[in-house]
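Architecture at a glance
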Amino acid sequence: MTELVDQQVPTFPMQRTCPFSPPAAYEELREQSPIARVLLPTGRHAWLVTKHEDVRAVLADTRFSSDRNHPDFPRLIELPPDRPMFSPSLISMDPPEHGPARRAVVGEFTVRRTRALQPRIQQIVDESIDAMVAGPRPADFVQAFSLPVPSLVICELLGVPYADHEFFQSRSKLLITRTTSAEDRFRAVEEVRNYLDELVTSKEHEPTDDLLGRQVLKQRENGTVDHAGLVGMAFLLLIAGHETTANMISLGTIALLQNPDQLAIIKADPSRTPDAVEELLRYFSIADTATARVATADIELDGVRIKAGDGVFALSYAANTDPEVFDDPDSLDVARGARHHVAFGFGPHQCLGQNLARAELQIVFDTLFRRLPDLQLATPIEKLTYKDNAVVYGVEQLPVTW
């Protein structure tokens, strides 16, 4: 067992070299130091885990805590003093609380439940394309399509009025941007939580036929009332449920337009689209830094000693471009069918809404390129601006025409 010594410790996070490639340092680290010490913007150190096998091991090991309120949890931004940013929610829970909380809501995201939602998702996609086509050209694909589709879906699922989408989209943008000041971040959290607190209260008074309303009724049947837990769950699902899928819609569209041979495959045979979705998820791995953990015990991983209290980033993008697992990992291959990627995480905290995200992306890409077969970028790809300083990677604007 070895213990690494701080010598020329690289800084983290590292920027992607281009929209379609991970940071150049990932490959070097994976080959030479797959578990490496790095310096965070907060001045603290953490470990980067870059091999597919090791990333899965970290994410499956409950000795690596997800508790965002742990004093040693690795952060990329400083928190305001004495102002905890995270109330209990699924993403920050550890056993034994995490299991029951996840089981209480996982039924809303089963394959069967998602299949039942598909006709409404199809309708939302078609109506969004109708609205975009009826508007000016070129259109900003992000505002005209990528954001409205998942926002409408998650709003209807949760029972959040879509009329308020601009409010929570503007706050979520602040929350996922690393350059947002601590005070602005705290204010955005408070505003969204206050909004959801009132929404949950209204559903407790008059339960509605949506996810939050059904959770209220389920709690009553079980004789438990966890108002704060419902607010925390709603916060997580609302923010994560539209931002991640919206970015994948935009980036996936860019990638398919830039790789017409790959796009031709799913145009000719829509049954290949599910594999294409998996490949796009692997190819971009947009939530690369979201799988942060803190060790709660001394742990040996791949010959390296990680001490209790050490922060760890199990990097999904590095894992998803590991050549020992994925042949020619830097190439987009929609026929790859690599469902063992970790773009949705792995282990107990694997993304709750992955079935919903897959369904949305499949319907989006099948419908978009069937209805707009001549869709094209309206600006050179090198002039696009990407979310390099965001927790969830994406593109700021995407001018398109047809």
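Presented here is a report on the structure given in the accompanying data block. (Residues numbered from 1 in each chain as written. Predicted model: local features only at pLDDT ≥ 70, side-chain atom pairs only at ≥ 80, totals over all residues. Heavy atoms only, no water.)

1. Here's the deal with the overall build of the chain
- Of regular secondary structure, the chain possesses 14 helices and ten strands.
- Taken against the 2.2 N^0.38 rule, which gives 21 Å for 402 residues, the C-alpha radius of gyration of the chain at 21 Å falls within 12% of a compact globule.
- For the chain, the spread of C-alpha atoms along the three principal axes comes to 60 × 55 × 40 Å.
- Out of the 402 residues in the chain, the part that is buried amounts to 52%.
- Within the chain, counting contacts between residues at least 6 apart in sequence, those at least 24 apart form 72% of the total.
- When the accessible surface of the chain is split by element, carbon and sulfur atoms take 50% of a total near 17,500 Å².
- Side chains of the chain carry 40 positive and 57 negative charges; the gap between the two charge centres is 2 Å. (Helix = DSSP H or I, 4+ residues; strand = E, 2+ residues; numbered from the N terminus. Rg over C-alpha atoms; globule rule 2.2 N^0.38 Å. Buried < 20%, exposed > 50% of the residue type's maximum accessible area, 1.4 Å probe, protein only. Contact = heavy atoms within 4.5 Å. Areas by Shrake-Rupley, 256 points an atom, 1.4 Å probe, with all protein chains shown as cover. Lys, Arg positive; Asp, Glu negative; His and termini not counted. Charge placed at Lys NZ, Arg CZ, Asp CG, Glu CD.)

2. With respect to the packing of aromatic side chains
- For the structure shown, the criterion picks out seven aromatic pairs.
- Judged by centre distance (5.1 Å) and plane angle (50°), the rings of F12 and F313 are tilted. You can see F12 sitting in the segment before α1 (24-32) and its partner F313 sitting in strand β8 (residues 311-314), a full 301 residues away along the chain. Just as F12 is buried, F313 falls in that class too.
- Considering the side-chain rings of F141 and F145, the 5.2 Å spacing of their centres and the 35° angle between planes classify their relative orientation as tilted. Residue F141 and its partner F145 are both found in helix α5 (residues 141-146); the two are separated by four residues, about one turn of the helix.
- Using a relative accessible area of 0% as the deciding quantity, one classes F145 as buried.
- By the ring-pair criterion, three or more aromatic residues cluster together here, those being F20, Y283 and F284.
- Sitting above the plane of the W47 ring, R37 keeps its charged end 5.4 Å from the centroid.
- For R193, the ring lying beneath its charged end belongs to F235, and the centroid distance is 4.5 Å. (Phe/Tyr/Trp six-rings, centres within 6.5 Å; stacked < 30°, edge-to-face > 60°. Lys NZ or Arg CZ within 6 Å of the ring centre and 35° of its normal.)

3. Overview of the pattern of salt bridges
- For the coordinates displayed, the defined rule picks out 19 salt bridges.
- The salt bridge involving R171 is made with E191; its shortest N-O contact spans 2.7 Å. Of this pair, R171 sits in helix α7 (residues 165-176) while E191 sits in helix α8 (residues 182-205), and the two are 20 residues apart along the sequence.
- Three or more residues are tied together by salt bridges with common partners; here these are E108, R113, D209 and R214. (Salt bridge = Lys/Arg side-chain N within 4 Å of Asp/Glu carboxyl O.)

4. Focus: the nonpolar core
- By size, the foremost hydrophobic cluster in this structure holds 86 residues, and its most contacted members are F145, L196, L211, F284 and L398.
- Counting residues per element, this core draws most heavily on helix α10 (residues 227-258), which supplies 16 residues.
- Setting aside chain neighbours within four positions, we find F145 in contact with V125, S128, I129, M132, P150, I249 and V364.
- Counting 17 residues, the second-largest nonpolar core is a separate cluster that includes L40, F73, F313 and L315. (Core = buried A, V, L, I, M, F, W, Y, C linked by side-chain atoms within 4.5 Å.)

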